[in-house]
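What follows is the residue order along each chain.
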Amino acid sequence: MSSNSHLQLQVQPLTDIKHLKIHGRTTGALNPLTLFWTGSAIEVNLRASELWLEVESGYDHHESWISVLINSVPVSRQMLNAGRHWVCVFRGMNPETVKNIRIVKEVQAMSGDPGAYLQFHAVRTDGSFLPVEAKPYRLEFIGDSITSGEGVIGAKSEEGWIPAWFSGVHNYTAITAESVQAEFRVISQSGWGVLSSWDNNPGGNIPDIYEQVCGLLTGPHNEALGAHAMNDFAAWQPDVVVVNLGTNDDGAFNSPAWLDESTGRIYKQRLNEDGSYHEEDLAAFEAAVTRFLAKLRGYNPGAHLLWVYGMLGLSLMPAIYRAVDEYMKSTGDKNVSVFQLPNVTNETMGARTHPGLPAHEQTARELSGYIRGIFSGS
């Protein structure tokens, strides 16, 4: 590569790229584009020898990571420093061949870090962009740390809660979507549930923030970026909504009570003396499942609603079945089902006692088979 080649690179803001494909919930703004959720990405088809991306990232505690996929293969993964700078995506490649490039946000939206954000401003390249072919299906995944890919990267001995151990690429969501030829979006947060978070905090539930672009983010900066704006559901309707919640709700039954210091109220999902679930609290969980299904149907009228559960235990599976049955009976909605995921083993465990890559791959194999059946109408 000659020293003059750099001078041939042309800077283009994202607004000037005709064939830019965006994955994940956004506000629709491109100047710059803010990526909120794990697995969010930009995708282009490009005939060029070199490509750079202008990124902007900030954080108080939890930095952003991105992965680069070339022709569907992950080729690089990196932590982003705070500030605005250029990242080289590739260089020295055959300028005549078309490459499919996807640049993916690897880390979940960080509800506990009001300073965390990730934006893309522009590209710099010597080539031209071509259309990106649309995939035939769309999937939306809703979940917790499992769906955020926590622990899929890193050794089993790793225990630190840091962004490095998250991945939106080596994740059952991305692997399933690729297997069934679907675009996908992810709405997920570590520790959160359908009724409360693992520590009994009722504010840590996904249903309450579902209709917003990224309602779990905090702080004035994220609010200014549009995180709390209403999501444009009409612009992107999924064929299947996959809900993988319940693991942290089960954890709440086995965790200490949570005190709301602003009201003095104490919240606790209780167990009976024999270790069984307290009937009243189990009923509250089931009611939360039923309510969420109703909300999902309101925003996704044509989607199949698929509740999945099981990678880190099956304790609440009977309650989930009852709740889904109750929803179907009370509404007459038959476009709903439940699917049991394969439990993690010692061999498939990843970092932070979360499912590792083998567990995500096994889950994706089984789940994609089930989803293909939904697509085929069987």
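Residues numbered from 1 in each chain as written. Predicted model: local features only at pLDDT ≥ 70, side-chain atom pairs only at ≥ 80, totals over all residues. Heavy atoms only, no water.

Trainee: Outline the confidence of the model for the chain, listing residues and values.
Mentor: Averaged over all residues, the pLDDT of the chain is 96; the fraction at 70 or higher stands at 98%. Below pLDDT 50 for its whole length, residues 1–5 participates in four contacts with residues either more than four positions away or in separate chains. (pLDDT = per-residue confidence, 0-100. Contact = heavy atoms within 4.5 Å.)

Trainee: Lay out the environment of Ser 188 with the relevant residues and their values.
Mentor: Tracing the backbone through its elements, the reader meets Ser 188 in strand β13 (residues 182–188). Relative accessible area serves as the criterion here: at 0%, Ser 188 is assigned to the buried category. Residue contacts for Ser 188: discarding those within four places in its chain leaves Trp 37, Thr 38, Gln 108, Gly 143, Asp 144, Thr 147, Ser 148 and Leu 216. Engagement of the side chain of Ser 188 in a polar contact is seen with the side chain of Ser 148, the distance being 2.7 Å. (Helix = DSSP H or I, 4+ residues; strand = E, 2+ residues; numbered from the N terminus. Buried < 20%, exposed > 50% of the residue type's maximum accessible area, 1.4 Å probe, protein only. Polar contact = N/O pair within 3.5 Å; in protein donor to acceptor, adjacent residues only side chain to side chain.)

Trainee: Residue-level account of the packing of aromatic side chains, with values.
Mentor: In total, this model carries twelve aromatic pairs according to the counting rule given. Judged by centre distance (5.7 Å) and plane angle (90°), the rings of Phe 141 and Tyr 172 are edge-to-face. Residue Phe 141 is found in strand β12 (residues 137–143), and its partner Tyr 172 is found in helix α1 (residues 172–179); the two are separated by 31 residues along the sequence. A residue is classified by how much of its surface remains accessible, and Tyr 172, at 0% relative accessible area, is buried. Taking 4.4 Å as the distance between ring centres and 20° as the angle between the ring planes, the aromatic pair formed by Phe 233 and Tyr 299 counts as stacked. Here Phe 233, found in the loop between α2 (220–224) and β14 (240–244), pairs with Tyr 299, found in helix α4 (residues 279–299); they are 66 residues apart in sequence, far enough to count as distant. (Phe/Tyr/Trp six-rings, centres within 6.5 Å; stacked < 30°, edge-to-face > 60°.)

Trainee: Outline unusual backbone geometry, supporting the account with residue identities and numerical values.
Mentor: Following Asn 31, the chain continues to Pro 32 via a peptide bond in cis, the omega torsion being 5°. Structurally, Pro 32 can be placed in the loop between β2 (21–23) and β3 (33–34). Of note in this structure, Asn 200 is not a glycine but carries a positive phi near 80°. Note that Asn 200 resides in the loop between β13 and α2. You will see that Arg 352, though not glycine, has its phi angle at about 55°, which is positive. The residue Arg 352 is located in the loop between β18 (336–340) and α6 (357–376) in this model. The class for Arg 352 is partly exposed, based on a relative accessible area of 22%.

Trainee: Quick one: what's the story with the sheet that holds β12, residue by residue and with numbers?
Mentor: Strand order in the open sheet made by the five strands is β13-β12-β14-β17-β18, with parallel pairing throughout. If you trace the sheet from one side to the other, it starts and ends with β13 and β18, each paired once. When strand polarity is set aside, the average angle formed by the axes of neighbouring strands in this sheet is 20°. Here seven bridges tie β12 to β13, and the two strands are oriented parallel to one another. Its bridge partner lying in β13, Leu 139 is registered against Phe 184. Where α4 meets the sheet, its contacts fall on β12, β14, β17 (304–309) and β18, and the angle it forms with β17 comes to roughly 145°. (Pairing = 2+ DSSP bridges. Axes fitted to C-alpha atoms, helices over the stretch in contact; angles between N-to-C directions.)

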